[in-house]
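Here's the letter readout for the chains.
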Amino acid sequence: MNSPLYTNILIVGAGPAGLMLAVCLKRLGIDFKIIDKRIPGQLYGQADGIQPRTIELWESLGIAGELLNRGTRVCRSALFVPDEANKNVQLIADGPNVALPEARYPFEILAPVQLIEGIMRDTLTSQGVIIEQPMEPVSVRVIEKEKSPLIEIRLAPVVNQHGDTDIQEIHNTSETIITAKYVIGCDGARSWVRKAMGIEMKGDETIFEWGVMDFTPVTNLPTFRAKTVIQSPLAPFIGYLPRPNRTARIYTLLGRTGSNIIMKSEEGAETSDLIVKATKVGFLPYTMEYQDISWASIYRVKQMIATQYSAQDCVFLVGDACHVHSPLGGQGANVSMADAYNLGWKLAAVLKGQAEASLLKTYEDERRPIALDLLSLDKEIFKCFDSELHFDGLALGGVYMGNAPFLSGLGITYNSSLIKSGNEDLAPGLKLGYRFPSAEILRHCDWNAVHTHDLIQYDGNFKLILLPGDIQNPEVESALIELLFEMDNSELRGHLKVLRDFKTIFRVPRTASLPAFGHSSWLYENCYVDENEAQELHGIYALADVSPYKGVAVLVRPDGYVCTLMPISTETVSLTKAYFDTL
Ligand SMILES: Cc1cc2nc3c(=O)[nH]c(=O)nc-3n(C[C@H](O)[C@H](O)[C@H](O)COP(=O)(O)OP(=O)(O)OC[C@H]3O[C@@H](n4cnc5c(N)ncnc54)[C@H](O)[C@@H]3O)c2cc1C
């Protein structure tokens, strides 16, 4: 047996959640190890829909380019229902897939899981990270917890996997012992880590059997490159999604557990045959040929959540390890990656001594309510289906439309001890706990068009964004000068360095000349202008509803969420200090 290896963090599982956490930690300079029980190259998950907020998260990590270039942008969505004669289908609703003005990327991206995971794997490989696989934990023991946690984990290579079952042979002789401060279970719905820590999943199993299939469509369906839901008089539910290279994925309802309405007469048939047979007539009067079927599967849906997201303050669960639901909302991988994004900067802040370990408790406080909301939404979606496999297309469309902000990920709002209320009147359009709005701005010194989100990259730092208003107004100018004076006279260590690296967005035209501020904290390259028309809800001042004569100072978390609002005055410094005192 080898002698123990030490690492700050052991990530168990390299699916979307584990890879995302690894990308986040690497970017923040945190040492970790990541293992997976899969044989390298073996496919596992099936996620393919990436939501607008996830694209933003990837952008802030510097990895969105390839996804945007190679994925399919799904900009349009359509709903077909039975025609008057109840023989064929007719288009009843047609519109943008993401009709949210706040979206920087107003579309979903469909990409095979190989591409999604591949981009993150390639990023890690280029940074020298090795995913150790096939490797799995065989025991875990918390030696110390609280202030300086220490966990011992024994790992063993998986030497034989039989299909996709759990039967494996382990070479006990080549066990590796690792000691780590934190262990993160990103090991999917059957999480070994969760079971080892005695954490339960609570919830239900639904009654339906779903079919899913990837293929190349040959069709005259007019919306064949749009996200399309079809309620046909001749077929069960059809959910159709365009994928790269003119391919597509189809979801359908195949049966009810126990009765297997459709499958019963088809025992022994290939999964793909069942799906083709169930759905083919559902497109009429349009035709659909299913060519080059590359994958087909039948699955049941559980709607469950872990009773807790952590154990002994040093073992955490992320992704499907702590919540499972149907893929109908295209959420699982997105929510899993958002979990990782939330936990990543917190782990880094604690390990770097910038925050107390109690910061980690806010991971569950913030992410578990999101999963609970997701389970409620999943149940609402399922209410559109009855036990005879019929579904109400208009009702389903209504659920999707009504929950668009949540489904896109843009509407996620956090409400934990990290969000401090006060001064909301200075920016009624800025919601506390909500992501900082996305808007186009112009860098004043060179007129380069940039984006507000370009100012809040995932680097582990809080950001102070000043919106002082119209600097040509003498009162606005003197309030800013007083603030700069106070900054220059303050000792700025740790998080307070945020007061050095602040960005300023003025409400003036690009040609306005800025005063010659003679302060050490002042950098003209960090000055931007918002010259959007006030009546158009595109500019940051209009979106945030900030008066150009009063202004506001916004403290933004490392993950881009607004945590507190302050006036532009000498008070900004003391309020910022007070905020970090509580961290
Ligand atoms: C048909 C289908 C379509 C879907 N479509 C979408 C979609 O469009 N959008 C979306 O967001 N989500 C979708 N999902 C859901 C999505 O696939 C999951 O939510 C997502 O994969 C969860 O990511 P994860 O990393 O938490 O877990 P997983 O993807 O399950 O990854 C877990 C990883 O841990 C490894 N592992 C497991 N046990 C161990 C162990 N003991 N030791 C070491 N490693 C271990 C596994 O090998 C795997 O690599 C879909 C799911 C299905 C079934």
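Residues numbered from 1 in each chain as written. Predicted model: local features only at pLDDT ≥ 70, side-chain atom pairs only at ≥ 80, totals over all residues. Heavy atoms only, no water.

**Examining the pattern of salt bridges**
Step number 1: All chains considered together, the criterion is met by 26 salt bridges.
Step number 2: The closest approach of N and O atoms between E66 and R70, which form a salt bridge, is 2.6 Å. In this pair, E66 and R70 both sit in helix α3 (residues 64–70), four residues apart, roughly one turn of the helix.
Step number 3: Taking relative accessible area as the criterion, E66 reaches 33% and is therefore assigned partly exposed.
Step number 4: For the salt bridge of K280 with E289, the shortest nitrogen-to-oxygen distance reads 3.3 Å. (Salt bridge = Lys/Arg side-chain N within 4 Å of Asp/Glu carboxyl O. Helix = DSSP H or I, 4+ residues; strand = E, 2+ residues; numbered from the N terminus. Buried < 20%, exposed > 50% of the residue type's maximum accessible area, 1.4 Å probe, protein only.)

**Observations regarding the site of the ligand**
Step number 1: Around the ligand, the structure places 34 residues, and the nearest of them are D36, R38, D320, A333 and N334.
Step number 2: Separating an oxygen atom of the ligand from a side-chain N or O atom of R38 is a distance of 2.7 Å.
Step number 3: Contacts to the ligand include D320, whose side-chain N or O atom sits 2.8 Å from an oxygen atom.
Step number 4: With the chains in place, 91% of the 990 Å² that the ligand exposes on its own is no longer accessible. (Near = heavy atom within 4 Å. Polar contact = N/O pair within 3.5 Å; in protein donor to acceptor, adjacent residues only side chain to side chain. Areas by Shrake-Rupley, 256 points an atom, 1.4 Å probe, with all protein chains shown as cover.)

**Notes on the domain arrangement of the protein**
Step number 1: Its domain assignment divides the protein into domain 1 (5–69 + 112–202 + 303–376) and domain 2 (424–581).
Step number 2: A C-alpha centroid distance of 35 Å is found between domain 1 and domain 2.
Step number 3: Contacts between domain 1 and domain 2 engage 16 residues on the former and 13 residues on the latter.
Step number 4: Carbon and sulfur atoms make up 48% of the area that domain 1 and domain 2 hide from each other, which totals about 1,300 Å².
Step number 5: Considering only the surface of domain 1 that becomes buried against domain 2, R53, W345 and Q354 emerge as the three largest contributors, covering 42% of it. (Domains from an automatic or database assignment. Contact = heavy atoms within 4.5 Å. Buried area = accessible area lost by both parts, 1.4 Å probe.)

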